[in-house]
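# Chain and residue survey
So you can see what is in the structure, the chains are spelled out below.
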Amino acid sequence: MQHGPWKILQQRPIHADPWVTLRQDDVIRPDGEPGTYTVVYVKPGVCVLAVDDEQNVYLTEEFHYGVGRDTLEAVSGGTEANEDTRQTAARELQEEIGVVASSLVKLGTVDPLTSCLVSPTELYLAQGLQFVDPSPEGTEVIRRVKVPLAEAVEKVLIGEITHGPSCVLILKTHLTFTNQ
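Computed from a predicted model, the values in this text were never measured in an experiment.

### Description of the pairing of strand β11 (residues 121-131)
Pairing of strand β5 (residues 45-51) with β11, which is carried by six bridges, proceeds in the parallel orientation. Across the sheet, V48 pairs through a bridge with Y124, a residue of β11. Sheet topology places strand β9 (residues 99-110) next to β11; ten bridges connect them, and they run antiparallel. What sits directly across from L104, in β11, is A126.

### A look at the sheet that holds strand β3 (residues 20-28)
What the five strands build is an open sheet, ordered β1-β2-β3-β4-β10; its pairing is mixed. This sheet does not close on itself; its edge strands, each paired only once, are β1 (2-3) and β10 (117-118). Pairing between β3 and strand β4 (residues 34-42): nine bridges, direction antiparallel. Looking at β4, one finds that R23 is bridged to V39.

### Some words on the layout of surface pockets
Computed from the structure, the largest pocket encloses a volume of approximately 1,100 Å³. Taken together, 34 residues make up the lining of the largest pocket; nearest its centre are W19, H64, E73, S76 and H163. Elements that contribute at least two residues to the lining of the largest pocket include exactly β5, β6 (56-64), β7 (69-73), β8 (75-78), α1 (85-97) and α3 (164-178). The dominant element in the lining of the largest pocket, judged by the number of residues it contributes, is β6, at four residues. Tallied by class, residues from the lining of the largest pocket come to twelve nonpolar, 14 polar and eight charged. Looking at the second largest pocket, the residues that line it are H3, W6, I8, Q11, R23, D25, V27, Y37, V39 and Y41. Those elements that provide at least two residues to the lining of the second largest pocket are β2 (6-16), β3 and β4. Residue composition of the lining of the second largest pocket, by class: six nonpolar, two polar and two charged.

### Quick word on a nonpolar patch on the surface
A cluster of nonpolar side chains, namely L157, I158 and L171, defines an oily patch on the protein surface of about 280 Å² accessible area. Here I158 shows up in the loop between α2 (149-157) and α3.

### Some details on the nonpolar core
L49, V57, L59, L149, I161, L169 and I170 are the most contacted members of the largest nonpolar core, which has 22 residues in total. Those elements giving two or more residues to this core turn out to be β5, β6, β9, β11, β12 (142-148), α2 and α3. V46, A89, V99 and L129 belong to the second-largest nonpolar core, a separate cluster that totals 14 residues.

### Some words on the pairing of β4
As consecutive antiparallel partners, β3 and β4 are separated by five residues, and within that stretch G32 has a phi angle of approximately 90°, a positive value. Judged from the two bridges that link them, β4 and β10 form a sheet pairing that is parallel. Along β10, the bridge assignment pairs V40 with L117.

### Concerning unusual backbone geometry
For Q55, which is not glycine, the phi dihedral falls at a positive 60°. Residue position: Q55 is located in the loop between β5 and β6. For Q55, a relative accessible area of 35% translates into the label partly exposed.

The rules behind these values
- Residues numbered from 1 in each chain as written.
- Predicted model: local features only at pLDDT ≥ 70, side-chain atom pairs only at ≥ 80, totals over all residues.
- Heavy atoms only, no water.
- Pairing = 2+ DSSP bridges.
- Helix = DSSP H or I, 4+ residues; strand = E, 2+ residues; numbered from the N terminus.
- 1 Å grid on protein atoms, 1.4 Å probe; cavity = no way out; pocket = protein on both sides within 12 Å on 5 of 7 lines; lining within 4 Å.
- Points joined across faces, edges and corners; volume = space filled by probe spheres on them.
- Nonpolar A, V, L, I, M, F, W, Y, C, P; charged D, E, K, R; others polar.
- Patch = residues over 30% accessible without salt bridge, like charges linked within 9 Å, V, L, I, M, F, W, Y side chains within 5 Å.
- Areas by Shrake-Rupley, 256 points an atom, 1.4 Å probe, with all protein chains shown as cover.
- Salt bridge = Lys/Arg side-chain N within 4 Å of Asp/Glu carboxyl O.
- Core = buried A, V, L, I, M, F, W, Y, C linked by side-chain atoms within 4.5 Å.
- Buried < 20%, exposed > 50% of the residue type's maximum accessible area, 1.4 Å probe, protein only.

Now the structure itself:
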């Protein structure tokens with residue numbers, strides 16, 4: 001099977017769980033040599049930035065197992081089979097930081113890592129905020145962090161916020177407000 005300039009000879013599943021699927025392909029590379037290529041599929045999801053009327057943003061601070069440290073980022077989560085991404089955005093906002101938004105505006109999609117990862121992430125701007133009790137999952141210990149949007153942009157630029165979808169979303173939100 002042709003796959004761009006690559007030819008796939010065989011595909012083998014290596015691992016699958018509810019969040020991640022790993023597949024290894026036997027290939028003919030673009031240079032004509034044989035090889036393998038591994039592709040990681042992560043459950044599609046959302047990244048949501050809650051912004052109040054004073055242009056403060058509400059971020060999560062949470063230990064993330066994969067990187068082994070606390071990170072500061074926008075609300076993120078995986079889309080369940082029975083929901084669309086707007087429903088996921090609303091659910092994750094309430095669960096993670098106790099926010100209900102009257103407006104969710106889609107600001108596009110990002111692919112966090114295009115070389116070997118398939119994980120489309122829909123970006124949402126949440127406004128018209130009401131605060132309720134959060135209901136995090138058992139794996140989540142999250143602190144809600146309120147910062148001015150301009151400060152969040154600065155944190156992206158100096159590398160304090162490193163989560164790719166959050167960085168793109170914060171910068172897109174900043175441009176959205178700047179261009180109004």
